[in-house]
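Residues per chain, in single letters:
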Amino acid sequence: MNYIDFNIGLSISALLVCMSNLIFTIMDKRIEKPQNKVYISMQCLLAVNAVCGIVAFISERTKLVSDTAFEVLTASRYVYFLTHTLLAPMFFFYISFVVGRSINWNIRYVRHHSNVWDILVMTALVVMELLVIFNPFLHWTWYFDENRNFQRAGGEIFIYVQSALWLVASFVIVMHSWNILSKNRKYSLAVCYIFVITGILIQLFYSYIYMEVLMEALGFSGVLFFVENEDDRKNVELDVYNQAAFSLDVSAALKNEIPLQLILVRDIRFNRTANLTLIGKIDTNAIQKLVCDYLATKTKKYHIYAFGHGVFALVVYDKTDEETRKIADSIVERFLKPWNISGMDVYLKSSIMVIALPERAKSMEDIYYMAECPIPEKYRKPVLQGDDLKWIIRTSAVESAVTRGLKEGSFEVFYQPTYHIDKTLYGAEALVRMRDKELGNIFPDEFIPIAEKIGIIDEIDEFVLREVCKLLATGEPQKYGIGHINVNLSVLECMKEGFAENVVKIVEAFEVPKKCISFEITESVAAKDYRHLEEVIEKLKSAGFMFYIDDFGTGYSNIHALFSLGADVIKVDKSVLWGAEQSELGMALLKSTIEMVKAMQKKTLTEGVETEKQIETLKSLGCDYLQGYYFSKPVPKETFLEIINPQHEQ
């Protein structure tokens, strides 16, 4: 077989593949990112290798009779080794960019973030290249014998070992980032490794077959179409990256511990005050495009991500807090000015957040929560940054805790006893408490609204009801004088179809008498939908349950409608009792409240009782029942059973 002609064909094929890849890359304008530049560099190196192969094998024919041909052969071999030894390190750096281990070539970044591993890597690269550079004088890697035949030296084995280590290192970082790579990238990189390793092995064991460069070129072709091609990562309309790309890239930065800052430009919308007559006349897509083009003047376009309408994220690497804040402030200033669309001046609003990673957000869930959560009016500022974001971080953490709370057993039911006016035991109220393994104790005022927002308040309420039923099913509370236990209801749960029927089903499953359970709903909640609540309460009362109105005196309810709900007991809020001790007007309010309840032929239970004097006052006013720290604070089940046990006082 004529191996010279065969190898010339392989070299020409490799050159054609490399040139095709280069032309396609440049025509498709994939030249901006550091990743793109490394890919182009690898293709150029392979093209040089292919040209060296063509020249070398043509010169091979006449090397014995022509000194010029031999010199050309020697030079081509030298250039080949000089450039080919760079391919494995370049591939390592390319993979580093693909998986997010490296993000730019910035010298300041390298100076501040280099570690021992990076220093060793660069040292190995320099040593390997020096072996080739000085080979014409020392013949460490290869040489031509007296018959002008190519011979390998010990240094070439060292180069092969070094190249193998580079490939292994690149493979390790791919595996480290496997979960944050898209499916196409995983497959194309796997195929590339197979081609590259196959080519190296063929050339290592069959040095007369010039297969390595062609196999590498073919492997990089797959990378071109499935890694360099980012069509699935692009927002085509805006020509920036999409939300999927944002998730992968920022996840990679978090995993590789690369510090960065996010500038979230969110809630982009019309300024309704300034654009009242324009609403509905302007193409919102045009607004998005205009804003996106402006943001591209603040950072590189491949660091801009768009997800949904009205939210952009700018990923800022290697800048101080002050530098990033200047960018954010300039964006705020731009939104104070009109945006010209189709000859019309349009004013826009937006919310700007600057989030330092990983200090202020440690997961993609945290970041998306910040991008989407509503901002209460009291927290609004032109730019939210640093400590301004604490409330979001806390809310996000609590939301995560609430979401996993039932599964992890974070919720517990506490009980607070209630008493007759003569201090004899009357009943109790069941109150849910939460202790998260990470956040510790979380107060109901914090986790209840979040549970309602994320839609699991009904699961929590059902958990409380089941726990109460379990306790009542033992018969111990009744034995010690507890007539019934109150369970608080969420208005969101009450509004659900089949709510009353589900309650009855749960209680009957535990074979607990319905008279042993009462339900409470707050006055402010009750004011929202009297008609529907009246139907729910009627079903519960007809089934045998009692019903309480809680926190009476704090809202602005329609009093007639409130009392028409059919509550058995009205709970007077503690603020009304405490106000009675502060002024005559407060005392008049407490007195009139109790008198009004009695006139409606309802019973009263006053919360917040803490002193003997308060009890005497309530007794003189005709209050029926008491609840407060004078008797007991809310306590766990075991402590509650001890408190209500008659032997407890002995």
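Each chain has its residues counted from 1, following the order in which its sequence is written. Since the coordinates come from a predicted model, pLDDT governs what is reported: local features require at least 70, and pairs of side-chain atoms require 80 or more to be given and counted, while whole-chain, interface and lining totals use all residues. Hydrogens and water molecules were not included; the side-chain quantities draw on all heavy atoms of the structure.

Thoughts on the pattern of salt bridges
Next up, step 1: For salt bridges, the criterion is a side-chain nitrogen of Lys or Arg within 4 Å of an Asp or Glu carboxyl oxygen. Under the definition given, this model contains 31 salt bridges.
Next up, step 2: One salt bridge in this structure joins Asp 568 and Lys 541, with 2.9 Å as the shortest N-O distance. Linking Asp 568 in the loop between helix H23 (559-563) and strand S18 (569-572) with Lys 541 in helix H22 (residues 530-543), this pair joins segments that are 27 residues apart in sequence.
Next up, step 3: Residue exposure (1.4 Å probe, protein chains only): buried if accessible area is under 20% of the type maximum, exposed if over 50%, otherwise partly exposed. Relative accessible area serves as the criterion here: at 27%, Asp 568 is assigned to the partly exposed category.
Next up, step 4: Shared partners join several salt bridges into a network, and the residues in it are Lys 33, Arg 185, Glu 230, Arg 233 and Asp 249. Comment: elements are numbered from the N terminus, with helices defined as DSSP H or I runs of at least four residues and strands as E runs of at least two.

What to know about the pairing of strand S13 (residues 425-436)
Next up, step 1: Counting buried positions over the 12 residues of S13 gives 10, a clear majority of the element.
Next up, step 2: In this description, strands pair whenever DSSP reports at least two bridges between them. Both strand S12 (residues 411-420) and S13 contribute to a ladder of 9 bridges, which runs antiparallel. By the bridge assignment, Pro 417 is partnered in S13 with Ala 428.
Next up, step 3: Between S12 and S13, which follow one another and run antiparallel, lie 4 residues, and Lys 423 among them has a positive phi close to 75°.
Next up, step 4: Relative to strand S15 (residues 485-488), S13 is paired through 3 bridges, and the arrangement is parallel. If you follow Ala 428 over to S15, its bridge partner there is Ile 485.

Observations regarding the packing of helix H1 (residues 3-27) against helix H2 (residues 34-60)
Next up, step 1: The axes used here are C-alpha line fits, helices contributing only the stretch in contact, and every angle between their N-to-C directions lies in the interval 0 to 180 degrees. Interhelical geometry of H1 versus H2 gives an angle of 155° and a closest axis separation of 8 Å. Taken together, the axis directions place H1 and H2 in an arrangement best described as roughly antiparallel. For H1 against H2, the interelement crossing comes out left-handed.
Next up, step 2: Its residues assigned to classes, the contact of H1 with H2 comprises 18 nonpolar, 6 polar and 1 charged. Roughly parallel refers to an angle under 35 degrees, roughly antiparallel to one over 145, roughly perpendicular to one between 65 and 115, and oblique to any angle outside these ranges. Crossing handedness: left-handed means the near helix sits turned counterclockwise from the far one by under a right angle, and right-handed means the same turn made clockwise. Just so you know the grouping, Ala, Val, Leu, Ile, Met, Phe, Trp, Tyr, Cys and Pro go in nonpolar, Asp, Glu, Lys and Arg go in charged, and all remaining residues, Gly too, go in polar.

Some details on the packing of aromatic side chains
Next up, step 1: Between the rings of Phe, Tyr and Trp (Trp by its six-membered ring), a pair exists once the centres lie within 6.5 Å; its type follows the angle of the planes, with under 30 degrees stacked, over 60 edge-to-face, and the other angles tilted. Summed over the entire model, instances satisfying the criterion amount to 31 aromatic pairs.
Next up, step 2: Consider the rings of Phe 171 and Tyr 193, whose centres lie 5.6 Å apart with planes at 90°: the pair is edge-to-face. Within this pair, whereas Phe 171 is found in helix H8 (residues 154-176), its partner Tyr 193 is found in helix H9 (residues 183-205), the two being separated by 22 residues in sequence.
Next up, step 3: Its relative accessible area of 40% is what places Phe 171 among the partly exposed residues.

Looking at the layout of surface pockets
Next up, step 1: Reported here for the largest pocket is a volume of approximately 1200 Å³.
Next up, step 2: Buriedness for pockets is judged along seven lines, at least five of which must meet protein on both sides within 12 Å for an open set on the 1 Å grid over protein atoms alone, while cavities are sets there where a 1.4 Å probe fits but cannot get out, and lining residues have an atom within 4 Å of a point. The wall of the largest pocket is formed by 36 residues, among which Glu 429, Leu 431, Pro 444, Asp 445 and Asp 550 lie closest to the centre.
Next up, step 3: Secondary structure elements with two or more residues in the lining of the largest pocket: S13, helix H16 (444-454), helix H17 (457-474), helix H19 (491-494), strand S17 (546-552) and helix H24 (574-580).
Next up, step 4: The residue makeup of the lining of the largest pocket, split by class, is 17 nonpolar, 7 polar and 12 charged. Grid points are joined across faces, edges and corners, and a volume is the space filled by probe spheres set on the points.

A look at the confidence of the model for the protein chain
Next up, step 1: One number per residue, pLDDT, summarises how confident the predictor is, and it ranges from 0 to 100. For the protein chain, the average pLDDT comes to 86, and 92% of its residues sit at 70 or higher.
Next up, step 2: Scored below 50 in pLDDT, residues 107-113 shows 11 contacts in the model against residues more than four places distant or in partner chains. What makes two residues a contact is simply this: any of their non-hydrogen atoms within 4.5 Å.

Notes on empty space enclosed by the protein
Next up, step 1: Scanning all chains against the criterion turns up 2 cavities of 30 Å³ or more.
Next up, step 2: Its boundaries defined by the atoms lining it, the largest cavity holds a volume of some 330 Å³.
Next up, step 3: Lining the largest cavity are 24 residues; nearest its centre among them are Lys 33, Phe 97, Gly 100, Arg 233 and Asp 249.
Next up, step 4: Looking at the lining of the largest cavity, the elements with two or more residues in it are H2, helix H4 (87-98) and helix H11 (243-255).
Next up, step 5: It is H11 that provides the largest number of residues to the lining of the largest cavity, a total of 4 residues.
Next up, step 6: Class assignment for the residues of the lining of the largest cavity results in 14 nonpolar, 5 polar and 5 charged.
Next up, step 7: Here the second largest cavity defines a volume of roughly 60 Å³.
Next up, step 8: Asp 461, Glu 462, Leu 465, Leu 489, Glu 493, Phe 499, Asn 502, Val 503, Ile 506 and Phe 519 together form the lining of the second largest cavity.
Next up, step 9: Elements with a contribution of two residues or more to the lining of the second largest cavity: H17 and helix H20 (499-509).
Next up, step 10: With 4 residues, H20 is the largest single contributor of residues to the lining of the second largest cavity.

As for a nonpolar patch on the surface
Next up, step 1: Residues Tyr 3, Phe 6, Ile 197, Leu 201, Phe 205, Tyr 206 and Tyr 208 make up a contiguous nonpolar surface patch of roughly 690 Å² in combined accessible area.
Next up, step 2: Position of Tyr 208 among the secondary structure elements: in the loop between H9 and helix H10 (212-228). Patches here are clusters of residues that have more than 30% relative accessible area and form no salt bridge, with a 9 Å joining cutoff for like charges and a 5 Å cutoff for nonpolar side chains (Val, Leu, Ile, Met, Phe, Trp, Tyr). Computed with a 1.4 Å probe, the accessible areas rest on the Shrake-Rupley method; for each residue, only the protein chains presented here act as cover.

Observations regarding unusual backbone geometry
Next up, step 1: Each neighbour pair has its own omega, and for Leu 357 with Pro 358 the value is 5°, a cis peptide bond.
Next up, step 2: With respect to the element layout, Pro 358 can be found in the loop between strand S10 (348-357) and helix H14 (364-372).
Next up, step 3: With phi around 60°, Lys 29 is a residue other than glycine that occupies positive phi space.
Next up, step 4: Residue class for Lys 29 comes out exposed when judged on its relative accessible area of 69%.

Things to note about the packing of H2 against H10
Next up, step 1: As a packed pair, H2 and H10 sit with axes 10 Å apart at the nearest point and diverge in direction by 155°. Accordingly, the angle class assigned to the pair H2 and H10 is roughly antiparallel. Two packed elements cross with a definite hand, and for H2 against H10 that hand is left-handed. The residues of H10 that touch H2, namely those facing Gln 35, Asn 36, Tyr 39, Met 42, Gln 43, Leu 46, Asn 49 and Ala 50, are Val 213, Glu 216, Ala 217, Phe 220, Ser 221, Val 223, Leu 224, Val 227 and Glu 228.
Next up, step 2: Of the residues in the contact of H2 with H10, the class split is 10 nonpolar, 5 polar and 2 charged.

So, the side chain of Glu 230
Next up, step 1: With respect to the secondary-structure elements, Glu 230 resides in the loop between H10 and strand S3 (234-235).
Next up, step 2: Take Glu 230: its relative accessible area is 9%, and that puts it in the buried class.
Next up, step 3: Beyond its immediate stretch of four places on either side in the chain, Glu 230 contacts Lys 33, Gln 35, Arg 185 and Tyr 241.

With respect to the environment of Leu 589
Next up, step 1: Position of Leu 589 relative to the elements: it lies in helix H25 (residues 584-599).
Next up, step 2: Counting along the chain gives 10 residues from Leu 589 to Gly 579, while the straight-line C-alpha distance between them is 8.5 Å.

Overview of the environment of Leu 290
Next up, step 1: Summarising the element assignment, Leu 290 is placed in helix H12 (residues 284-295).
Next up, step 2: Leu 290 gets classed as partly exposed once you look at its relative accessible area, which sits at 28%.
Next up, step 3: Apart from the residues lying within four places of it in its own chain, the contact partners of Leu 290 are Trp 339, Asn 340 and Ile 341.

What about the state of the cysteines?
Next up, step 1: Disulfides are defined as pairs of cysteine sulfur atoms found within 2.5 Å of each other. This model, assessed by the stated rule, comprises 0 disulfides.
Next up, step 2: Counting only cysteine sulfurs, Cys 18 is the nearest neighbor of Cys 192, a cysteine outside any disulfide, at a range of 12 Å.
Next up, step 3: Judged by relative accessible area, Cys 192 falls into the buried class, the value being 0%.

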